[in-house]
Every structure is written in C-alpha cells, then in structure tokens.
Amino acid sequence: MAYLSNLQMFVRVYELGSMSAAARDQRTSPAVASARVAELEKHLGVRLFNRTTRSLQPTSNGRLFYEGAQRVLDAVADAEAALTHASAQPRGTLFVAAPLGLGRRLIAPHVPAFKDAHPQIDLRLRLSDRKVDVTAEGLDLAFHLGTLEDSGLKMRMLSECARVLCAAPDYIARRGLPRDGAALVAEKHDCLTLRYPGATEFQWALQTPEGPKRFKISGPFESDDGDVLTGWALDGRGIILKPVFEVAEHLASGALVPVATETPPLPVTLAALTPHRRLRDPKVTLFIDFIADRIRDALAQTPG
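Parameters and conventions
Residues numbered from 1 in each chain as written. Predicted model: local features only at pLDDT ≥ 70, side-chain atom pairs only at ≥ 80, totals over all residues. Heavy atoms only, no water. Helix = DSSP H or I, 4+ residues; strand = E, 2+ residues; numbered from the N terminus. Buried < 20%, exposed > 50% of the residue type's maximum accessible area, 1.4 Å probe, protein only. Axes fitted to C-alpha atoms, helices over the stretch in contact; angles between N-to-C directions. Parallel < 35°, antiparallel > 145°, perpendicular 65-115°, else oblique. Left-handed = near helix turned anticlockwise from the far one by under 90°. Contact = heavy atoms within 4.5 Å. Nonpolar A, V, L, I, M, F, W, Y, C, P; charged D, E, K, R; others polar. Pairing = 2+ DSSP bridges.

1. Considering the environment of Thr-261
If you trace the backbone, Thr-261 turns up in the loop between β13 (257-258) and β14 (268-275). Assessed through its relative accessible area of 55%, Thr-261 is described here as exposed. Along the sequence, Thr-261 and Arg-179 sit 82 residues apart, while their C-alpha atoms lie 6.0 Å from each other.

Quick look at the structure:
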C-alpha cells in the first residue's frame, strides 16, 4: 500500500503542479508529500520533477511515468469497484462539489440521510460558485448548473431549472419596473452579477419574441457568491438573475418581485459531471441516484 500511496501522491502533485496543493488534497503535510515523491524517485532511479524555490515542473521521465501511474491507479479503482459490486457493500469516501445555492438548498440537507442509508460511505462536500476543475481537484462528482462546455467528463442531465429576473419593491419604486431585456440596458438598471476568476458569461440570455438573445447588462456590484447577490437584491440594490428554487421563498413573500417578464430568462441545465474513470464506481452512481430523486421532488414542489 505504501507504493500505491506514493503513486497517488505523485499523480496529484503532477496534476496540481504543487507539493503543498497535493498535500492539502491528500490531507497531509507538504513534508510528507515531498518524502513520498522522493521515495518513489529513489525506487525508480530517476528524477520525476525539477524543483526550484518558485516552481515545480515534471521532467520528461515524470511525464512518461504519469500516464502509466494513472493507469495503475485506475486499474486498482476498477478492481475495487468490481469487488464492491460483487459484495453489494459500497464503501469509501466521495468527494463532491456543487454551486453554493444548489448545494445548500438541494444537496446538503440530504447528505445525512444518504449516510444513514449507506453507513460505509463518507462524503466530503465542497460548495463554491466558482468553476471547478473536476479532474485537477480530485473530485468524484460535481453538480453543475449552467451552460455545459465540451470536456472529457461524463455528463448526466438531471433537470432543467426555470430562472427568474427579480428585484425588491424598494428598488422598483426607485428605478421603475423594466418590462424587458432592452429596458434593462437602455434604462441602465443596476444588475447584480455573479463573477469569479475564469467566468465567461458577462451577458444575460433572455427569451425574446424573435428568439433567444443576449443582453449586455451592467451594475455597481458583483460577487462570486450567489447568496450575497440575493442579499443585495433584498436590500433594494439591484436586479438578480436566479434559478427559481433559490428565491422561491422571497417571491412568495413579496420580498422580491419578477421584472422584465416580457423576456424571461432561458432555463438552466442541472447536470452531474464525473470523470470517466469513476463511471464504474457504485458509490458515485448511488449518490447521484439518491440526490437526483430528491432534486426532482424539490423542483416539482417549488412554486412558480
């Protein structure tokens, strides 16, 4: 098992490009990560990385060895998955990521029940509205809400989620009620936008009588946390574009009011993304099935 641990550490150092990042990923110290890689280099008789005080780069031997090391780890994972299928007792740890609003409202509340149903599976849930790199971050599964880009990941679509443009009555009283996307731009409404490093969507896609159209909106505030945007909207600071399930309670209470209703937002796709090497892992399938049923029930019961 020591050799497999060394292989796993080498692969994570290679993928993350940092001893400290790999150490955090594997829940150990940078010293232990460095020692495991050094032990592997000693066993192989070659240097796998060129190290300086500022950078770490794989050598030609390191790049060559990475492919073989990954195949070994994949083979071990496949063997363990096959054994788990045969014993019908899934076990191990799942690393799952999800956007903040989706994770807090539709996933996290059901994790304890999943653990009760499958006591030998532990779960590590990471919530963030930033774009995650499923492979580089060592995730087994990521829930994705938005436009799906081409990638080497396996995608399972779970649902289409309706979205709404909305603002607080105080904002509407002060700035007026925009009737469509053109008014958002022409009247220079304060649009609260979700932005994070690597974000690519700086326009709102709305359904017009002529078909889908993108509107280049602007506003004084932006954040990488969707719930922060909701808080600002509730405070009368601007207009937000949100999945209905995230703001349903505020719409029902009247704290937020739909705007630009003549050009409603296009729905957004909710999907589960997994690396291909995780496809045969039964605990991944179990968790997706478990959560998918509960997400569909929750969305069906969401007003609007």
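Next, the rest of the story.
2. Quick notes on the packing of helix α1 (residues 2-16) against helix α3 (residues 30-44)
Following both chains from N to C, one finds α1 and α3 inclined at 110 degrees, their axes separated by 9 Å at the closest point. Considering the angle they form, α1 stands roughly perpendicular to α3. The hand of the α1/α3 crossing is left-handed. Residue-level inspection shows Tyr-3, Ser-5, Asn-6, Leu-7, Met-9, Phe-10 and Val-13 of α1 in contact with α3, the latter providing Ala-33, Arg-36, Val-37, Glu-39, Leu-40, His-43 and Leu-44. Here the contact of α1 with α3 is composed, by residue class, of nine nonpolar, three polar and two charged.

3. Some details on the pairing of strand β3 (residues 92-98)
With five of seven residues buried, β3 lies mostly within the body of the structure. Alignment of β3 against strand β4 (residues 121-127), held across seven bridges, turns out to be parallel. The residue of β4 that forms the bridge with Ala-98 is Leu-127. Two elements, β3 and strand β5 (residues 141-145), share two bridges in a ladder whose sense is parallel. Among the inter-strand pairings, Val-96 is bridged to a residue of β5, identified as Leu-141.

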